[in-house]
Amino acid sequence: MQTIKLPGASHKSFPVGASFSAKVIPRVGVRHQPVGTVFSGSVAGLESSIAPRNVIASVAKMLHAQKKGSLVDELPAWKDLKEHVADIEKTHLRDLLHDEARCMALIKESEGILCDFTRQRVTQRTLELLYELAEQSNLREKINAMFNGDHINSTEDRAVLHVATRAHRNQKIIVDGRDVVPDVWEVLDKIKAFTDKVRNGEWLGVTGKPLKKVVAIGIGGSFLGPLFVHTALRTEPNAMRASRDRTLRFLANVDPIDVARALDGLDPEETLVVVISKTFTTAETMLNARTVRSWLIERLGPDAVAKHMVAVSTNIKLVKEFGIDPDNAFGFWDWVGGRYSVCSAVGILPLSLQYGFDIMQEFLAGANNMDEHFKNQPYQDNLPVLIGLLSIWNVSFLGYGAKAILPYCQALSKLAPHIQQVDMESNGKGVDINGVRLPFQTGEIDFGEPGTNGQHSFYQLIHQGRVIPCEFIGIVRSQQSVYLKGEVVSNHDELMCNFFAQADALAYGKTPEQLRSDNVPDYLIPHRVFTGNRPSMSIMLPSCTAYTVGQLLSMYEHRIAVQGFIWNINSFDQWGVELGKVLASKVRNVMNAVRTRDRKVLPQDGFNYSTTRMMNKYLEGKTQILYPEGHDVFPIDMLRAGH
Ligand SMILES: O=P(O)(O)OC[C@H]1O[C@H](O)[C@H](O)[C@@H](O)[C@@H]1O
C-alpha cells in the first residue's frame, strides 16, 4: 500500500486515496459529517489543494478515529460492557466484599498512594472489559499524543502540555518542533529570583516598606487551582514556617463585596497585587484589576503601580497596555489550559510569594511524579487510568451522573471546587471531537465537602436517596495532631474512624432483618433501612504536603483526561462559557445607556418580556446612579476609610 507523508500529524502516513468528507472551518480545523460537507476527496487531494498543516493533521487523526468507529458507543467493548451491566445488577457490594481474591486485585498501591477500588460495583470481568474499551478507544495513543505535544485540542489548534510546566529541568518536551522545558524553567527561575527578593525585603514598596501582603486577582483557572493549593498548605508545618508574617488573599468575583473583603484591613504600602489572567481580557479580572489599581494610586500615587503590581499572562502586550512593566510579567503559553495552569506561573508565583519557591518546587515534583506514572504504567497499575475507567463505568453504564469528592482532611477543602472546574469544564460536552452530536451524556456533576462536615449536611441523600459514587480521601499523618489526655483516640484518629466507617456503611447498608434483631419497631423499619450497594473508592495519602498535593492534583487532572479520551471528546476547549459572556456585554451596553442618561427604565425593545421586567425592577429599585463623566466611582467608603 502506498503512503503519503502528513506533516504535523501524529500518525505520519496514511493510505493514498483514503476517502472522507469534511467541513473545513478556517483556523479551527475539520469536522466531519453530519455537520455539513464542504469538501470531499482524498488525503492526497487535500494535501495538494488546500494543505494547511493543521487541517491535514486533523484530517489524518479524524480518519484514524473513523477507522476504529467514530463514536465510542459503537465499539464492541462498549457493547460488551452494556451487556455486562445485567451481571453486575445481580450483585451486591456486601457479597463482592467477601471475595478476597477480588479485593486483593482491586487494591492498588503506587507512588506512596493506596487506592481501594473494592467498593466499586465491578468484578474482575468488568475491569477486563474496561481495559478492552481503553484499547479500542486508542487510550494509550491519545495519552502519548498529549505528552508528545500534538495539537489534541483541535478546535483551538493547540497542544495540551500542562505536564511541561512541572517537568524536571533535564526533561525534553517538544511542542511544534521546539523543546519547551528551557522556556518553562526560564519563567520558574524568574519567579524564584523575584519572590526571593520580595520575601527577603530586597524588593520594597514605593514608600520603602516590605510587601508582606499579596492579593492575587484572577478567576476560574486563574483562581481555583491556586486557592486549592494555598488552602492545602496553610497548616502544613514547613509551609507554615515559611509563610510566617505573610498573607495571601484572592480576589475572584466581580462582585464589589469581594473587593471589599479582599482589601479589608490591608495597608496598600505593604501590599503586592498579582493580576493573573491567561488572556488578560477576562471582564471580571480586568475590572477588579482596575479597581485595585485605583486603590493603590489613590493612596500611593501613580508610581505605585511599578512596585506594587505584577502580572501573570500569556498576553504580555495587554499586560503592558494595562501599565504593568513587562519585566514584572510572568509568562506562560497557549498550550497550558486555564484550568490546568496551577503549575505554571498562575499558581507558582503567588504561592511562592507566600511559601517560598523551594516548597513550590516540591509541589511541582509531586505533580511530575504522577505525570510519569500516568505516562509509563500499564493500565492495570495506572492510578489515573483506573480511576478514569471506573468513572466511565459509573457514568456511562451504571447511570450515576454525579460524584462526591470527600476529603477527610480540612486542608483539602478546596479540592472539590477546583475539580468542579477541571472536570465539568473539560468533560461537559455535547459532541465528540469530530463535532458529531453524542447520543449519551458525558461529564459528571462534581461536588463535595471535607469529612466530617459533609456527614452533617448532604450524606442523608447519599445513604438513602440517590446513588452518588463517593471518593473518600484520607491522610495517614495529619498536618496537625492533637491528642487529649483521657480521650479514647486522638483527634485525627477520630476523624479517620469516620473515613473508614462511611465507605462500609454505603456498601453494606442495613437490612430489615438486622433492624428487627436490633428491636427497631416495625413502623420505623422502612425509614431506617439502608439499601447499601452504593459505590465508593478510598484513596489514602501518606501525608498532606506540597509533594502529595502535587501528586493528587495531577492524578485528578489525568483521570479527567482519561474519561475525555474514552468518550472521544475534546476535554481541552470550553466553548460553552462563551454565550453567556456575549449576552452579558449586550446587557452592559444597555445598562450603561440607562445609567448615563438618567432614565429609570429600559427602552421597550432589545430584550424579551421576562428580562425587561426583571431588569426594570433592578433599575428602579435602587437609588438612581448616574455615572459621573471622567471620574472613577471609587473608592467605596469602607476602603477609603482604610478599615
Ligand atoms: O485566565 P483567564 O484568561 O482570565 O480566564 C479565566 C477563566 O475564563 C473563562 O471562564 C474560562 O472558561 C476558564 O477556563 C478560565 O479559567
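On a predicted model such as this, the values are computed, not experimentally measured, just so you know.

Basis of the calculations
- Residues numbered from 1 in each chain as written.
- Predicted model: local features only at pLDDT ≥ 70, side-chain atom pairs only at ≥ 80, totals over all residues.
- Heavy atoms only, no water.
- Pairing = 2+ DSSP bridges.
- Helix = DSSP H or I, 4+ residues; strand = E, 2+ residues; numbered from the N terminus.
- Axes fitted to C-alpha atoms, helices over the stretch in contact; angles between N-to-C directions.
- Contact = heavy atoms within 4.5 Å.
- Parallel < 35°, antiparallel > 145°, perpendicular 65-115°, else oblique.
- Left-handed = near helix turned anticlockwise from the far one by under 90°.
- Nonpolar A, V, L, I, M, F, W, Y, C, P; charged D, E, K, R; others polar.
- Expected span 1.5 Å × (residues − 1).
- Bend = angle between axes of the 7 residues up to and from the residue.
- Buried < 20%, exposed > 50% of the residue type's maximum accessible area, 1.4 Å probe, protein only.
- Phe/Tyr/Trp six-rings, centres within 6.5 Å; stacked < 30°, edge-to-face > 60°.
- Lys NZ or Arg CZ within 6 Å of the ring centre and 35° of its normal.

Draft legend 1. Representation of the sheet that holds strand S15 (residues 402-407). Here six strands make up an open sheet; going across it, the order is S6-S7-S18-S17-S15-S16 and the pairing mixed. The sheet is open, and its two edges are formed by strand S6 (107-110) and strand S16 (445-447), each paired on a single side. When the angles between neighbouring strand axes are averaged without regard to direction, this sheet yields 15 degrees. The sheet contact formed by S15 and strand S17 (residues 470-477) spans four bridges and is parallel. Looking across to S17, one finds that Leu406 is bridged to Phe472. Strand contacts of helix H20 (residues 491-508): S17 and strand S18 (536-543), with the helix running at about 150 degrees to S17, the strand carrying the most contacts.

Draft legend 2. Structural detail: the packing of helix H24 (residues 578-596) against helix H25 (residues 609-621). Closest axis-to-axis distance for the H24/H25 pair is 12 Å, and the angle between their directions is 40 degrees. On the basis of their axis angle, the class for H24 and H25 is oblique. For the crossing formed where H24 meets H25, the hand is right-handed. Here Val587, Met591, Val594 and Arg595 of H24 lie close against H25, whose contacting residues are Met615, Tyr618 and Leu619. Here the contact of H24 with H25 is built from residues that sort into six nonpolar, no polar and one charged.

Draft legend 3. Quick peek at helix H3 (residues 76-89). Helix length check: H3, at 14 residues, gives a terminal C-alpha distance of 21 Å against a target of 20 Å (1.5 Å per residue), a fit within 8%. The largest bend along H3 reaches roughly 30 degrees and is located at Glu83. All buried positions along H3 are accounted for by Ala77, Trp78, Leu81, His84, Val85 and Ile88. Tucked into the core, H3 has its buried residues touching helix H6 (124-136), helix H17 (383-397) and helix H23 (546-567).

Draft legend 4. How the structure looks around the packing of aromatic side chains. Enumeration over the complete set of coordinates arrives at 18 aromatic pairs. Connected via pairs of aromatic rings, a cluster forms that spans Trp78, Trp393, Phe397 and Phe440. Stacked on the ring of Phe322, the Lys or Arg Arg293 has its end atom at 4.2 Å from the ring centre. For the cation-ring pair, Lys307 lies above Trp203, with the distance from its terminal atom to the ring centre recorded as 4.4 Å.

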